[in-house]
Amino acid sequence: MEDVIIVRSLMKSYGTKKAVNNLSFSVKKGEIFGIIGPNGAGKTTTIEIMEGLRKKDSGEVSILGMNPEKERKVLNHRIGVQFQATSIQKKMKVKEALKLFAAIYNKSNTGDEMLKLLGLEEKMDTYFDDLSGGQKQRLTLALATLHEPEIIFLDEPSMGLDPHARREMWNIIRSLRDRGTTIVVTTHYMEEAEKLCDRVAMIYNGELRALDEPSRLVEDISSHFISFRSPDFPVGQLHQIAGVIDVEHDKELDAFKIYTEDLQSCSYFLFKTAHEENYHISDYKFERGTLDDLFVHYLKGGESA
Amino acid sequence: MTALWQLTLLETKMFFRDKLQVFWTFLFPVLMIWLFGSMFENQAPEGFSFASLYIPSWIGVNIVTTAFFTLGTVLTGYRETGVLRRYQSTPLAPWKILFAHTIQGTVIFSFSAVVLVVFGTLMFDLHAPVYLGSTLVALLLSILAFFPFALFLTSLAKNVGTAAAISSLFLNLMLFLSGATFPLEMMPDVLQYIAKILPLYYVIELLRATWNTSPIWENWTPVLVLSCIALVSIVLSSVFFKWSGKAE
Ligand SMILES: Nc1ncnc2c1ncn2[C@@H]1O[C@H](COP(=O)(O)OP(=O)(O)OP(=O)(O)O)[C@@H](O)[C@H]1O
Ligand SMILES: [Mg+2]
């Protein structure tokens, strides 16, 4: 499949703050591409540069073969955008917003099928201001998709959605993808990244930390860890074991988590030490991390680097 | 329906949904006329009635309030809350947004002018404009001068609070110094000179003249001044159009 989005060595600073730092990735047609990262990681900045709404400092961005900064007018017909933080007029009714956006895109239909899916049909005469947070989010999703764009950018679309609504939104996004639409989505929810996205870019401090299919990311060796409880194992000693990446210690529960490159030799060392020093170990387990763990793990890596 | 027409229609509808704004725009000037009328009704200069001088003035003032509050401050609010940003990623061109709001403002202003004229006719025996055509052209020119002027000035404000402050400052300054509320001749010389650098002064001069004494082509000074303001501010407001208050 062809690359519909290409980002190369993208840089963007606000004052001395590097919001995006040497970011490169590409997105294939018909892919659901996730961008994850903590608050302030640079997700919104990156996505809005791709939409042509912010100016990059340097690097290369190509969307559908176009330069979004220079060719935004043409591009605007072919992309759909859901912002993290914009609103529409408070006193505008749902049906009015839909009609206005249909007119802006020269469409006669207002995407009725989508409205049914989004459960907005009974809300047609409600003012935007009177919608619940999740309903607002659904409306802005409808506005982003009603002109059947080739690429849809969604900045934290599941913010404020209840778990049921979130699953429905995933289904909508998947059905859009199955029609050949490319979707770029940012999120804080690792579950969403894992279940919805075909590929995920994890960014931290504007830098790319990982880029792969979610299942491959969690397969990543560094997301595997050992967990056990011990009232007397000294934490310092654990850090010295060869191959250990990180140790988490919960003092209340006497619980340890050890992230390591080599589970087997680490285990051997643990039990050997425990045996020699007469430490007590219980609840010993090999565990496979979720994206959540991976996320926290990469953040830690970022802080020490 | 085209986007331009749809947006104009919606913005006009939404204006009438805000009851407080409707009151401020339509009834406040009427109350002011009533108040000043009861004070100054018998002090009009020879050959003029109170209404024939002050109703046109307040119509002029209404252009300014519409320009600054119905248009300028509202658009700054749209900038602040991201309404305009939402349009930025659509094919809707900036001039269409400005144009839609200008038409909406003109419609609302026309309503308020009719309210004032009806009120003046019923309460103060206002006569129809002597040069009706000239009066209408004068109104159009004043709108073209003031709407973009206000749109540009308020676009410099980062938020609604600042925009409202700028607007109030301009409005009050012009209200008291342009002869709209009481005769300029009652004020010290210095203030009379200051009055002449305020655009509203020319609007009022032109409206009063065409309403009472002379057609528009005999009033070339205000026509020239207002045309210049119109030209400059249309260019400024469209060239420096801002989608949002934040850095890109
Ligand atoms: N307009 C701006 N002016 C100054 N700094 C900005 C601006 N926009 C973003 N930043 C800074 O750039 C960094 C990245 O911000 P960005 O909004 O892209 O983060 P994000 O990943 O979307 O975060 P969140 O998950 O909270 O939405 C932050 O440190 C932020 O303070
Ligand atoms: Mg963000």
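Each chain has its residues counted from 1, following the order in which its sequence is written. Written order decides the labels, with chains lettered from A and ligands numbered from 1. At least 70 in pLDDT is required for a residue's local features to be given in this predicted model, at least 80 for side-chain atom pairs to be given and counted, and no such filter applies to totals for whole chains, interfaces and linings, which use all residues. With hydrogens and water stripped out, all remaining heavy atoms of the structure feed into the side-chain values.

Novice: Mind showing me how you'd approach the interface of chain B and chain A here?
Specialist: Size of an interface: often given as the accessible area lost when the parts come together. Between two residues, a contact is recorded if the distance between any of their heavy atoms is within 4.5 Å. Across the contact, 25 residues belong to chain B and 28 residues belong to chain A. Here's the idea: put two parts together, see how much 1.4 Å probe accessible area each one loses, and the total over both is what we call buried area. Buried surface at the junction of chain B and chain A, summed over both partners, amounts to about 2500 Å²; 58% is from carbon and sulfur atoms. It is Arg17, Arg86 and Glu248 of chain B that lose the most area in chain B upon contact with chain A, and together they represent 29% of the buried surface on that side. Every case where a carboxyl oxygen of Asp or Glu lies within 4 Å of a side-chain nitrogen of Lys or Arg is listed as a salt bridge. Connecting chain B to chain A are three salt bridges. Between Lys13 of chain B and Glu96 of chain A there is a salt bridge, with its nearest N and O atoms 3.7 Å apart. We call two N or O atoms a polar contact when they sit within 3.5 Å, provided that within protein one can donate a hydrogen and the other can accept it, with sequence-adjacent residues counted only if both atoms are side-chain atoms. In this structure, the connection of chain B to chain A is made through eight residue pairs in polar contact (both at pLDDT 80 or more). Strands here mean DSSP runs of E at least two residues long; helices mean DSSP runs of H or I at least four residues long; both are numbered from the N terminus. Put simply, the parts of the chain that give the side of chain B that touches chain A at least two residues each are α1 (3–17), α3 (50–81) and α4 (83–88) of chain B. Per-element accounting of the side of chain B that touches chain A gives the leading share, eight residues, to α1 of chain B. Three classes are used, and their members are as follows: Ala, Val, Leu, Ile, Met, Phe, Trp, Tyr, Cys and Pro are nonpolar, Asp, Glu, Lys and Arg are charged, and the others, Gly among them, are polar. When grouped by side-chain class, the residues that make up the side of chain B that touches chain A number 12 nonpolar, seven polar and six charged.

Novice: I'm lost on the confidence of the model for chain B in this one. Help?
Specialist: Note that predicted coordinates carrying low pLDDT should not be read in detail. What pLDDT reports is the predictor's confidence in each residue, on a scale of 0 through 100. Scored by pLDDT, chain B comes out at a mean of 88, with 100% of its residues at no less than 70. Two summary scores accompany this predicted model of the complex, namely pTM at 0.85 and ipTM at 0.88.

Novice: Explanation requested: the coordination of the magnesium ion (ligand 2) in the structure shown.
Specialist: In ideal tetrahedral geometry, four donors around a metal make angles of 109.5 degrees, whereas ideal octahedral geometry with six donors gives angles of 90 or 180 degrees. All names here are of chain A. Sites may look incomplete, because water is not among the atoms used; the donor set itself consists of N, O and S atoms within 2.8 Å of the metal (3.2 Å for Na, K and Ca). Bound to the magnesium ion (ligand 2) are the protein donor atoms Thr44 (OG1) and Gln84 (OE1), situated 1.8 to 2.1 Å from the metal. Pair noted here: Thr44 is in helix α1 (residues 43–50) and Gln84 is in the loop between β5 (79–82) and α3 (94–104), with a separation of 40 residues, a long-range link. Assessed through its relative accessible area of 31%, Gln84 is described here as partly exposed. Remark: exposure states derive from per-residue accessible area (1.4 Å probe, protein chains only) relative to the maximum for the residue type, with buried under 20%, exposed over 50%, and partly exposed in between.

Novice: For this particular structure, what's the right way to read the packing of aromatic side chains?
Specialist: Within a pair of aromatic rings, the relevant descriptors are the distance that separates the centres and the angle that separates the planes. Residue and element names in this part refer to chain B. Side-chain rings of Phe, Tyr and Trp (the six-membered ring for Trp) are treated as a pair once their centres are within 6.5 Å; stacked means planes under 30 degrees apart, edge-to-face means over 60, and tilted covers the remaining angles. Applying the stated rule across the entire model yields 27 aromatic pairs over all chains. When the centroid spacing of 6.1 Å and the interplanar angle of 70° are considered together, the rings of Trp95 and Phe99 count as edge-to-face. Of this pair, Trp95 and Phe99 both sit in helix α5 (residues 94–124), four residues apart, which is roughly one turn of the helix. Look at Phe149 and Phe170: their rings are 6.0 Å apart centre to centre, the planes differ by 75°, and that puts the pair in the edge-to-face class. With Phe149 in helix α6 (residues 132–155) and Phe170 in helix α7 (residues 160–177), the pair connects residues that are 21 residues apart, well separated along the chain. With respect to burial, Phe149 and Phe170 carry one shared label: buried.

Novice: What exactly am I supposed to notice about the site of ligand 1 here?
Specialist: By nearness alone, 16 residues border ligand 1, and Gly40, Lys43, Thr44, Thr45 and Gln84 of chain A come closest of all. By convention in these notes, a residue is near a molecule or strand provided one of its non-hydrogen atoms lies within 4 Å of it. Chains contributing residues to the immediate surroundings of ligand 1 are chains A and B. Ala41 of chain A is positioned with one of its backbone polar atoms (N or O) 3.2 Å from an oxygen atom of ligand 1. Contact between ligand 1 and Gln84 of chain A: an oxygen atom at 2.9 Å from a side-chain N or O atom of the residue. Residue-level accessible areas treat just the shown protein chains as cover; the underlying method is Shrake-Rupley with a 1.4 Å probe. When ligand 1 sits alone it has 630 Å² of accessible area, and the protein chains cover 71% of it. Within the residue set of the shell around ligand 1, elements represented by two or more residues are β2 (17–28) and α1 of chain A. Among the elements that make up the shell around ligand 1, the one with the highest residue count is α1 of chain A (three residues). Classifying every residue of the shell around ligand 1 by side-chain character gives five nonpolar, seven polar and four charged.

Novice: Help me out: how do you make sense of the sheet that holds strand β7 (residues 182–187) of chain A in this one?
Specialist: Through backbone hydrogen bonds, the strands of a sheet pair up, either in parallel or in antiparallel fashion. Residues and elements named next belong to chain A. On the basis of which strands lie adjacent, the open sheet formed by six strands has the order β5-β6-β7-β3-β8-β9 and mixed pairing. Both edges of this open sheet fall to β5 and β9 (207–212), since each of them pairs with a single strand only. On average, each strand axis in the sheet is inclined to that of its neighbour by 15°, with strand direction left out of account. A pair of strands is considered paired only if DSSP assigns at least 2 bridges between the two. Bridge analysis of β5 against strand β6 (residues 151–155) gives four bridges, and the strand direction is parallel. Paired with Gln82 across the bridge in β6 is Leu154. Angles run from 0 to 180 degrees between N-to-C directions of axes, and those axes are lines fitted to C-alpha atoms, restricted for helices to the stretch in contact. Running over the sheet, helix α5 (residues 133–145) touches β5 and β6 and is turned about 170° from β5.

Novice: What is the right way to look at the sheet that holds strand β10 (residues 224–229) of chain A in this model?
Specialist: Residues and elements named next belong to chain A. Overall, antiparallel pairing links the four strands, which are arranged β11-β12-β10-β13 in an open sheet. With one partner strand each, in any of the chains shown, β11 (244–250) and β13 (282–288) form the two edges of the open sheet. Ignoring strand direction, the axes of neighbouring strands in this sheet form an average angle of 15°. Strands β10, β11, β12 (255–260) and β13 of the sheet are contacted by helix α10 (residues 263–277), whose axis makes an angle of about 20° with β10.

Novice: Looking at this structure, how should I read the pattern of salt bridges?
Specialist: Note on pairing: side chains with opposite charge can pair once their charged atoms come close. Evaluation of the coordinates by the stated rule reveals 16 salt bridges over all chains. The closest approach of N and O atoms between Asp3 of chain A and Lys28 of chain A, which form a salt bridge, is 4.0 Å. Taken as a pair, Asp3 of chain A in strand β1 (residues 3–14) and Lys28 of chain A in strand β2 lie far apart in primary sequence, 25 residues in all. Among the ionic pairs, Arg216 of chain A bridges to Asp212 of chain A, the shortest N-O distance being 3.9 Å. Members of the salt-bridge network, linked through shared partners, are Glu48 and Arg54 of chain A together with Arg85 of chain B.

Novice: Can you help me understand the domain arrangement of chain A in this one?
Specialist: The domain boundaries assigned to chain A delineate domain 1 (1–78 + 149–214), domain 2 (88–147) and domain 3 (225–287). Note that domain bounds follow an automatic or database assignment of domains. The centre of domain 2 of chain A, based on its C-alpha atoms, is set 54 Å off from the matching centre of domain 3 of chain A.

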